[in-house]
Amino acid sequence: MPRTARDVVFVDGVRTPFGKAGPKGLYAETRADDMVVRAIRELLRRNPSLPPERVDEVAIAATTQTGDQGLTIGRSAAVLAGLPKTVPGYAIDRMCAGAMTAVTTSGAGISFGSYDVAIAGGVEHMGRHPMGEGVDPNPRFLADRLVDPSALVMGSTAENLHDRFPEITRERADAYALRSQQKVAAAYAAGKIQPDLVPTAVRSAEKGWGLATEDEPPRPGTTMDDLARLRTPFRPHGRVTPGNAAGLNDGATACLLAAEDVAAELGLTARMRLVDFSFAGVEPEVMGVGPVPATERLLARNSLTMDDVGLIEINEAFAVQVLAFLAHFKIADDDARVNPWGGAIAVGHPLASSGVRLMNQLARQFEERRDVRYGLTTMCVGMGMGGTVLWENVNWEGTK
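None of the values given here were measured: they were computed from a predicted structure.

**Looking at the UniProt feature "active site" (unreviewed entry) in the protein**
In step 1: Taken from the UniProt record, the annotation "active site" (unreviewed entry) applies to Cys 96, His 349 and Cys 380. In three dimensions, the annotated residues from a span of 285 residues occupy one location, with a maximal C-alpha spread of 12.0 Å. Checked against the lining of the largest pocket, the annotated residues just named reduce to Cys 96 and His 349.
In step 2: Relative to the elements of secondary structure, His 349 occurs in the loop between helix H11 (344-347) and helix H12 (354-368).
In step 3: If we ignore the near neighbours within four places in the chain, the residues touching His 349 are Cys 96, Met 126, Ala 246, Gly 247, Asn 249, Asn 315, Ala 317, Ala 344, Ser 354 and Met 379.
In step 4: Its relative accessible area of 1% is what places Cys 380 among the buried residues.
In step 5: Discounting residues that sit within four places of it in the chain, Cys 380 has contacts with Cys 96, Met 287, Gly 288, Pro 291, Ala 317, Gln 321, Met 385 and Gly 386.

Below you can see the structure in the form of structure tokens.
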């Protein structure tokens, strides 16, 4: 019997504060799966009208699926979080777009009618599991000249993108990075970011037990002079620096999705509606341009233009990647629609978890901006891809 697609809504989203990767970072002695468990438990605590047995799936992404990020982490985290053992789960990997893909895959299942409620998210403990750990790239990638060697180093792909767009200078990238730091500082001062953060227990050999309550990576006192003095690790006299790129970070995210009618039945508050999504491939050597074709395809399929989009949450893997996207769509570098509360250059980018961070912030901005109907969450993806999700504000004043 043919099924009618159902509307899918984003109910709630949370994340741990993001930490700096490494032996001195917030989560140096914290397990990756415990971070996910903390996020899932918080979702359930914040939504007490949801019976745990009504969760139909738990999809958790990790780029490096080994150690405490392995063991089918969606299922293992569900069990550890105390969900009924009847609730299944699985792991997913689309590198930086892991959590984004967990959401779109789960959302598609809800729309089709296979699920009513799902939890989706991601985790990356880059301190324990550096990007590429244990990876064995097939030698044919290089032997058969399928990709340039630089395609396997994300920072080098960002330098390649600077080559392709010479008008995006290092100074312009630094200026964008500085604005990201400033916007995050302003958002923290205004209490915009804190509601999504789950206080998370941490432990270190030096300090013992503690509690992580805010992001560790932001550098609010950054200046253009500070950024100009940084070295370019991926190319001599290059343009990509630790200041205009996201750092190496640890953190986890999780969100609650449901069919719109089921959310109403269970007394869950819908915050935004999933309209459509698109993933696209590009040359791996310039993976940062991936959001462009993904967004173009998505807008065309929905008969929209960028003028119809009132908010854009784009992951800041590298400043040049964001600037290339903005240039393509003729959007100013400082357009108020773009990352109003700053982005990954300041707060961090724990790879597979970041997609849900973008969604969390968009959902909260929708609550404040009832004049905005559509918003995008978009990001580039390693090995030459991009992903974009189109969301509709359920509180859009045009529906009144």
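Moving on from the model shown.
**Focus: the pairing of strand S7 (residues 208-212)**
In step 1: Bridge analysis of strand S6 (residues 200-204) against S7 gives 5 bridges, and the strand direction is antiparallel. Each bridged residue has a counterpart across the sheet, and for Ala 201 the counterpart in S7 is Leu 211.
In step 2: Following S6, the chain reverses through 3 residues before pairing antiparallel with S7.

**Notes on the pattern of salt bridges**
In step 1: Following the criterion strictly, the structure yields 27 salt bridges and no others.
In step 2: Notably, a salt bridge pairs Glu 159 with Arg 239, separated by 3.4 Å at the nearest N-O pair. Note that Glu 159 is positioned in helix H5 (residues 154-164) and Arg 239 in the loop between helix H7 (224-228) and strand S8 (249-259), a separation of 80 residues in sequence. Residues Glu 159 and Arg 239 agree in their burial class; the two are buried.

**Notes on the side chain of Asn 160**
In step 1: Here Asn 160 is to be found in helix H5.
In step 2: With a relative accessible area of 18%, Asn 160 lands in the buried category.

**A short note on the UniProt feature "domain: Thiolase C-terminal" (unreviewed entry) in the protein**
In step 1: The sites that carry the UniProt feature "domain: Thiolase C-terminal" (unreviewed entry) are, in the present numbering, residues 270-390.
In step 2: The span residues 270-390 carries 33% helix and 25% strand; its end-to-end C-alpha distance comes to 16 Å.

**What to know about the layout of surface pockets**
In step 1: Computed from the structure, the largest pocket encloses a volume of approximately 610 Å³.
In step 2: Considering the residues around the largest pocket, the lining is formed by 28 residues, among which Met 126, Ala 245, Ala 246, Gly 247 and Leu 248 are closest to the centre.
In step 3: Elements that contribute at least two residues to the lining of the largest pocket include exactly H5 and H11.
In step 4: Taken together, the residues that form the lining of the largest pocket break down as 20 nonpolar, 6 polar and 2 charged.
In step 5: When its volume is computed, the second largest pocket comes out at roughly 440 Å³.
In step 6: Split into classes, the residues belonging to the lining of the second largest pocket amount to 9 nonpolar, 4 polar and 2 charged.

**Some details on H5**
In step 1: The buried fraction of H5 amounts to 9 of the 11 residues, a majority that puts the element mostly inside the structure.
In step 2: Buried within H5 we find Met 154, Gly 155, Ser 156, Thr 157, Ala 158, Glu 159, Asn 160, Leu 161 and His 162.
In step 3: Of the surrounding elements, those touching the buried residues of H5 are helix H6 (170-189) and helix H10 (319-328).

**Here we look at the packing of aromatic side chains**
In step 1: Considering all chains together, one arrives at 3 aromatic pairs under this definition.
In step 2: Their ring planes at 85° and their centres at 5.9 Å tell us that Phe 10 and Trp 391 sit as a pair that is edge-to-face. Highlighted residues: Phe 10 in strand S1 (residues 8-15) and Trp 391 in strand S12 (residues 385-393), separated in sequence by 381 residues.
In step 3: Relative accessible area serves as the criterion here: at 0%, Trp 391 is assigned to the buried category.
In step 4: Ring centres of Phe 277 and Phe 279 lie 6.2 Å apart, and the angle between their planes is 65°; on these two criteria the pair is classed as edge-to-face.

Conventions used here
- Residues numbered from 1 in each chain as written.
- Predicted model: local features only at pLDDT ≥ 70, side-chain atom pairs only at ≥ 80, totals over all residues.
- Heavy atoms only, no water.
- UniProt positions renumbered as here; feature names shortened; annotations may be inferred.
- 1 Å grid on protein atoms, 1.4 Å probe; cavity = no way out; pocket = protein on both sides within 12 Å on 5 of 7 lines; lining within 4 Å.
- Helix = DSSP H or I, 4+ residues; strand = E, 2+ residues; numbered from the N terminus.
- Contact = heavy atoms within 4.5 Å.
- Buried < 20%, exposed > 50% of the residue type's maximum accessible area, 1.4 Å probe, protein only.
- Pairing = 2+ DSSP bridges.
- Salt bridge = Lys/Arg side-chain N within 4 Å of Asp/Glu carboxyl O.
- Points joined across faces, edges and corners; volume = space filled by probe spheres on them.
- Nonpolar A, V, L, I, M, F, W, Y, C, P; charged D, E, K, R; others polar.
- Phe/Tyr/Trp six-rings, centres within 6.5 Å; stacked < 30°, edge-to-face > 60°.

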